Amino acid sequence: MDVIRRVKELQARSEEWRRAELTVGLVPTMGYLHEGHLSLVDIACGQADRVVVSIFVNPKQFGPTEDLARYPRDEEGDLAKLSALGVDVAFVPDLEEIYPRGYETYVDCTRLPSYLCGARREGHFKGVLTVVAKLFLACTPHLAVFGEKDYQQFLVIKRMARDLNLPVEVLSGPTVREEDGLAMSSRNSYLEPDARPAANALFKALNRARQLVTSGVVDAIMLRRAMTELVEQAGGRVDYVAIVDPQTLEELQTIDQEAHAAVAVFFGKTRLIDNMRLKG
Ligand code: AMP
């Protein structure tokens, strides 16, 4: 596996591959890789002839009070994992390579980011879309794989690719979980040891909502109340609990169509998110 740190070098490598009629897959990450990330790499390896995994902690998607400075990093460990999976290139640019002095160009989306995490994290998706657009232009992949764990992010990126006619197929991979159901996340490492056993309350709440829908409950208020109760019993503080249309992300009152549940919960200072299809 080669480690490339310059955009120009990655562009040249991708062009070589494309000239040789090889398909290129990209998996963007912020590093501190876990099985969830690696499952996306597996998908990319199954779909593309050459696979690039980027590792870049993108400051533009963190708010001023968020956890940028303490975001966990382990470049050496990450590179070993990617190399073992047969990844062709790890793209590990430094900050200046992505955002040189005087940087002032952004990509944004207007409606989809106004819900869920976007409503709580001002400018978050603008930062995500900007870096993903830059990664697409650096890597020129035929396909890119994102996790359903960050369901809104996946939708927003898919919308950008469609709206800007980017020649990239945006694929998703299912959420990989710990044994107790907690969705794997680099941020799980922040959890205090005593909060960790309770943190699967997000998964339990989503499952409870799904059970209720299966048993015929159609009132979204009842579902949200049941989910909130479970989270609070576990000692979590709800940031949001939402039942939404899985395509538009608009809040639903009645579950008489496709429905998706999404939750964000604080355990101490650690904010966790998860989501699940309830119907459809
Ligand atoms: P991150 O490093 O957190 O920015 O995540 C990089 C990619 O991995 C994103 O597309 C995430 O949605 C995805 N991802 C994160 N956690 C998981 C998980 N538990 N299962 C599957 N994909 C994940």
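Residues numbered from 1 in each chain as written. Predicted model: local features only at pLDDT ≥ 70, side-chain atom pairs only at ≥ 80, totals over all residues. Heavy atoms only, no water.

### Focus on the sheet that holds strand β1 (residues 2-4)
The six strands lie next to each other as β1-β4-β3-β2-β5-β6, forming an open sheet whose pairing is parallel. In this open sheet, the two edge strands, each paired with only one partner strand, are β1 and β6 (169-173). Here the strands of the sheet are splayed against their neighbours by 25 degrees on average, with no regard to which way each runs. The strands that helix α1 (residues 7-19) touches are β1, β2 (24-29), β3 (50-55) and β4 (89-91); relative to β4, the one it contacts most, it runs at about 150 degrees. Helix-sheet contacts for helix α7 (residues 151-163) involve β5 (143-147) and β6, and the interaxial angle to β6 is about 170 degrees. (Pairing = 2+ DSSP bridges. Helix = DSSP H or I, 4+ residues; strand = E, 2+ residues; numbered from the N terminus. Axes fitted to C-alpha atoms, helices over the stretch in contact; angles between N-to-C directions. Contact = heavy atoms within 4.5 Å.)

### Side note on the environment of P197
Topologically, P197 is positioned in the loop between β6 and α8 (201-214). Under the relative-accessibility criterion, P197 is labelled exposed at 55%. Measuring from C-alpha to C-alpha, the distance between P197 and A234 comes to 9.0 Å, with 37 residues separating the pair along the chain. (Buried < 20%, exposed > 50% of the residue type's maximum accessible area, 1.4 Å probe, protein only.)

### Regarding the packing of α8 against helix α9 (residues 220-233)
Their axes nearest at 9 Å, the elements α8 and α9 cross at an angle of 150 degrees. Comparing their axes, α9 and α8 come out roughly antiparallel. At the point where α8 passes α9, the crossing takes the right-handed sense. Judged by residue contacts, A201, K204, A205, L206, R208, A209, L212 and V213 of α8 engage L223, A226, M227, L230 and V231 from α9. For the contact of α8 with α9, the residue count by class is eleven nonpolar, no polar and two charged. (Parallel < 35°, antiparallel > 145°, perpendicular 65-115°, else oblique. Left-handed = near helix turned anticlockwise from the far one by under 90°. Nonpolar A, V, L, I, M, F, W, Y, C, P; charged D, E, K, R; others polar.)

### Overview of the environment of R277
By secondary structure assignment, the location of R277 is in strand β9 (residues 270-279). Its relative accessible area of 25% is what places R277 among the partly exposed residues. Here R277 is in contact with Y151, R210, P246, E258, A259 and H260, once residues within four sequence places are set aside. In terms of polar contacts, R277 uses its side chain to reach the side chain of H260, at 2.9 Å. (Polar contact = N/O pair within 3.5 Å; in protein donor to acceptor, adjacent residues only side chain to side chain.)

### Observations regarding the site of the ligand
Near the ligand, the surroundings consist of 17 residues, among which H37, G147, D150, V176 and M184 are the closest. Separating an oxygen atom of the ligand from a side-chain N or O atom of H37 is a distance of 2.9 Å. Protein contacts shield 93% of the accessible area of the ligand, which totals 480 Å² for the unbound molecule. Those elements giving two or more residues to the shell around the ligand turn out to be β2, α2 (35-47) and β5. (Near = heavy atom within 4 Å. Areas by Shrake-Rupley, 256 points an atom, 1.4 Å probe, with all protein chains shown as cover.)

### Regarding the packing of helix α6 (residues 124-139) against α7
Packing of α6 against α7 leaves a shortest axis separation of 10 Å and a crossing angle of 55 degrees. In terms of their interaxial angle, α6 and α7 are classed as oblique. The way α6 lies across α7 gives a crossing that is right-handed. Taken together, the residues of α7 that come into contact with α6 (itself represented by F125, V128, L129, V132, A133 and F136) are Q152, Q153, V156, I157 and M160. Residues of the contact of α6 with α7, tallied by class, amount to nine nonpolar, two polar and no charged.

### Here's the deal with the packing of aromatic side chains
Counting across every chain of the model gives five aromatic pairs. With centroids separated by 5.7 Å and ring planes inclined at 80 degrees, the aromatic side chains of F62 and Y71 adopt a geometry described as edge-to-face. Considered together, F62 and Y71 belong to a single accessibility category, that of buried residues. Pairing Y99 with Y103 gives two aromatic rings, centres 5.0 Å apart and planes at 80 degrees, and the pair type is edge-to-face. For Y99, a relative accessible area of 8% corresponds to the buried category. Take Y103: its relative accessible area is 21%, and that puts it in the partly exposed class. Three or more aromatic residues link up through ring pairs in this structure, and these residues are F56, Y99, Y103 and Y106. (Phe/Tyr/Trp six-rings, centres within 6.5 Å; stacked < 30°, edge-to-face > 60°.)

### Comments concerning the sheet that holds strand β8 (residues 259-267)
The strand order β7-β8-β9 describes an open sheet built from three strands, whose pairing is antiparallel. At either margin of the open sheet sits one strand with a lone partner, and together these are β7 (237-244) and β9. Averaged over neighbouring strand pairs, the angle between their axes works out to 10 degrees when direction is ignored. Direction of pairing for β8 relative to β9: antiparallel, over a ladder of nine bridges. Residue pairing for β9: A262 is matched across the bridge by N275. Across the sheet, α9 touches β7, β8 and β9, and the angle it forms with β7 is around 150 degrees.

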